[in-house]
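One letter stands for each residue in the lines below.
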Amino acid sequence: MTIADRWLLPDGMDEILPPQATRMEELRRTLLDLYDRWGYDLVMPPPVEFLDSLLTGTGTDLDLQTFKLTDQLTGRMMGASADVTPQVARMDAHSLKRQGPVRLCYCTTVLRAQADKHQGGRSPMQVGVELFGHAGLEADIEVLRLALSSLEAAGAGEVHLALSHIAIYRALTQAAACNDEVERALFDAIERKAFNRVDALVAAHVSDPALARMLGELPRLHGGAEVLEAARDALAGAPAAVAEALAQLVRLHRGVAAEHPEVSIYFDLAELRGYQYHTGMVFAAYVPGYGQALAKGGRYDDTGRAFGRARPATGFSMDLKQLATLAEREPPVNGIWAPDDDSAALTETINHLRAQGERVIQALPGQHTGPGAHRCDRQLAFEAGEWRIAPLN
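Computed from a predicted model, the values in this text were never measured in an experiment.

A. How the structure looks around the sheet that holds strand S11 (residues 295-299). The sheet built from nine strands is open, its strands ordered S1-S5-S6-S12-S11-S10-S7-S9-S8 with mixed pairing. With one partner strand each, in any of the chains shown, strand S1 (41-42) and strand S8 (222-223) form the two edges of the open sheet. Alignment of strand S6 (residues 125-132) against strand S12 (residues 313-319), held across seven bridges, turns out to be antiparallel. For Val129, the partnering residue across the bridge sits in S12 and is Phe316.

Encoded structure:
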């Protein structure tokens, strides 16, 4: 390896430099303070866990994204966390064991074996919240509102919220009694909105004409709030779970619109992201100029069952690196420049100012850079027998 190669990073791994690192840290504090005001307690999951607990109930997608390694102490397989949500579910079910609703938040770096097809990164800094122990729609509305408040705090202007409900597709395919192979093919076609392929599959494999018609209509049901009315007509006669899911989407729309009337809400009943582990509503929040959702979440009940405690759960997550680009700005020029002087009086003055929260940069012997290079707008000058803050010359 040549010297020129030593600075190379693996594909998808990035380093955070000033001023972006400063912006990210400011935003991290802002969001965690926001979550604290809503009653969410901070947790810090480990970066590595045993594989059989890390991937419990998450489906194959997360398995493919997980870096795997062997524990030298036990010989067991471990995985680097690629998604914090399963870890927090384990904490709620096994470590905390609290009664009633539990609100938890987190902010930590995760590692992914494959680059995200939209974002490209393999080391996002995941920030989010999880609400356990309440099966009612009130918890989902709270999570949605908090996600939108998070985007607002990060500097997002125009926000578009996409809503769906996993139970609609699940109830229809269960009623149609499709085998696994047909169900996988239908899932792929509906998710891609390949209308002709959907129509061919249901015509060939769904014997009930009413169910076949409903499955054919599903990928076509997307748009504004009027889609919910159209869905009630198109899916009339569907299993009761479908009507209940549509009613929940109506309530979610009202609950979000009442608090965030400025947000554009879009419904896509064929949105099946996270189908393997989501159990109810799912959502994604988009901002113009970004090709991927900046906040994603939904309901994922009973994830803690494998840890001996099934609990209702809902939440969302975001990538702090992406959020920090919403309102990029240079860090403030607000430092105080101190000269290269080792006098006790100057040291005492510097310590006093730093204790008060001031940013003080003291010159080092032989330093060639000046105050401007270190974001200073003031200096310490010795006047009338004492060190005082003075404007820069």
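B. Region of the structure containing the sheet that holds strand S4 (residues 77-80). Judged by pairing direction, the sheet is antiparallel, and its three strands sit side by side in the order S2-S4-S3 without closing on themselves. Both edges of this open sheet fall to strand S2 (48-50) and strand S3 (68-70), since each of them pairs with a single strand only. This sheet shows a mean twist of 35 degrees between the axes of neighbouring strands, independent of strand direction. Of the strand pairs in this sheet, S3 and S4 are connected by three bridges, and their pairing is antiparallel. Considered in S4, the bridge of Leu69 is made with Met78.

C. Just the packing of helix H8 (residues 195-205) against helix H9 (residues 209-217), in detail. Relative to each other, H8 and H9 sit at 165 degrees, their axes nearing to 9 Å. Here H8 is positioned roughly antiparallel relative to H9, judged by the angle of their axes. Crossing angle aside, the handedness with which H8 passes H9 is right-handed. Here Val198, Asp199 and Val202 of H8 lie close against H9, whose contacting residues are Ala212, Leu215 and Gly216. Class assignment of the residues belonging to the contact of H8 with H9 gives a composition of four nonpolar, one polar and one charged.

D. Broad picture of unusual backbone geometry. Here the bond from Pro18 into Pro19 is cis, since omega is 0 degrees, no more than 30 degrees from zero. Relative to the elements of secondary structure, Pro19 occurs in the segment before helix H1 (20-37). Phi at Ala177 is positive, roughly 55 degrees, even though this residue is not glycine. Within the fold, Ala177 resides in the loop between helix H6 (166-176) and helix H7 (180-191).

E. Quick peek at the state of the cysteines. Under the counting rule described, the total for this entry stands at zero disulfides. Distance from the sulfur of Cys105, which forms no disulfide, to the nearest cysteine sulfur (Cys107) is 9.1 Å.

F. Structural context of the pairing of S11. Here S11 lies mainly inside the structure; four of its five residues are buried. Relative to S12, S11 runs antiparallel, the two sharing five bridges. Paired with Gly297 across the strands is Phe316, a residue of S12.

G. Representation of the packing of aromatic side chains. Counted by the stated rule, this structure contains six aromatic pairs. Pairing Phe132 with Tyr300 gives two aromatic rings, centres 6.4 Å apart and planes at 85 degrees, and the pair type is edge-to-face. On the criterion of sequence distance, the pair formed by Phe132 in strand S6 and Tyr300 in the loop between S11 and S12 is long-range, its members being 168 residues apart. Its relative accessible area of 4% is what places Tyr300 among the buried residues. Over the ring of Tyr40 we find Arg103, and its NZ or CZ is 6.0 Å from the ring centre. We note Arg170 situated over the ring of Tyr275; from NZ or CZ to the ring centre the distance is 4.5 Å.

H. Broad picture of the side chain of Ser81. With respect to the helices, strands and loops of the structure, Ser81 is situated in the loop between S4 and helix H4 (84-96). Not counting the four nearest positions on each side in its chain, Ser81 is found in contact with Pro46, Pro47, Leu54, Gln87, Val110 and Leu111.

Parameters and conventions
- Residues numbered from 1 in each chain as written.
- Predicted model: local features only at pLDDT ≥ 70, side-chain atom pairs only at ≥ 80, totals over all residues.
- Heavy atoms only, no water.
- Pairing = 2+ DSSP bridges.
- Helix = DSSP H or I, 4+ residues; strand = E, 2+ residues; numbered from the N terminus.
- Axes fitted to C-alpha atoms, helices over the stretch in contact; angles between N-to-C directions.
- Parallel < 35°, antiparallel > 145°, perpendicular 65-115°, else oblique.
- Left-handed = near helix turned anticlockwise from the far one by under 90°.
- Contact = heavy atoms within 4.5 Å.
- Nonpolar A, V, L, I, M, F, W, Y, C, P; charged D, E, K, R; others polar.
- Disulfide = S-S within 2.5 Å.
- Buried < 20%, exposed > 50% of the residue type's maximum accessible area, 1.4 Å probe, protein only.
- Phe/Tyr/Trp six-rings, centres within 6.5 Å; stacked < 30°, edge-to-face > 60°.
- Lys NZ or Arg CZ within 6 Å of the ring centre and 35° of its normal.

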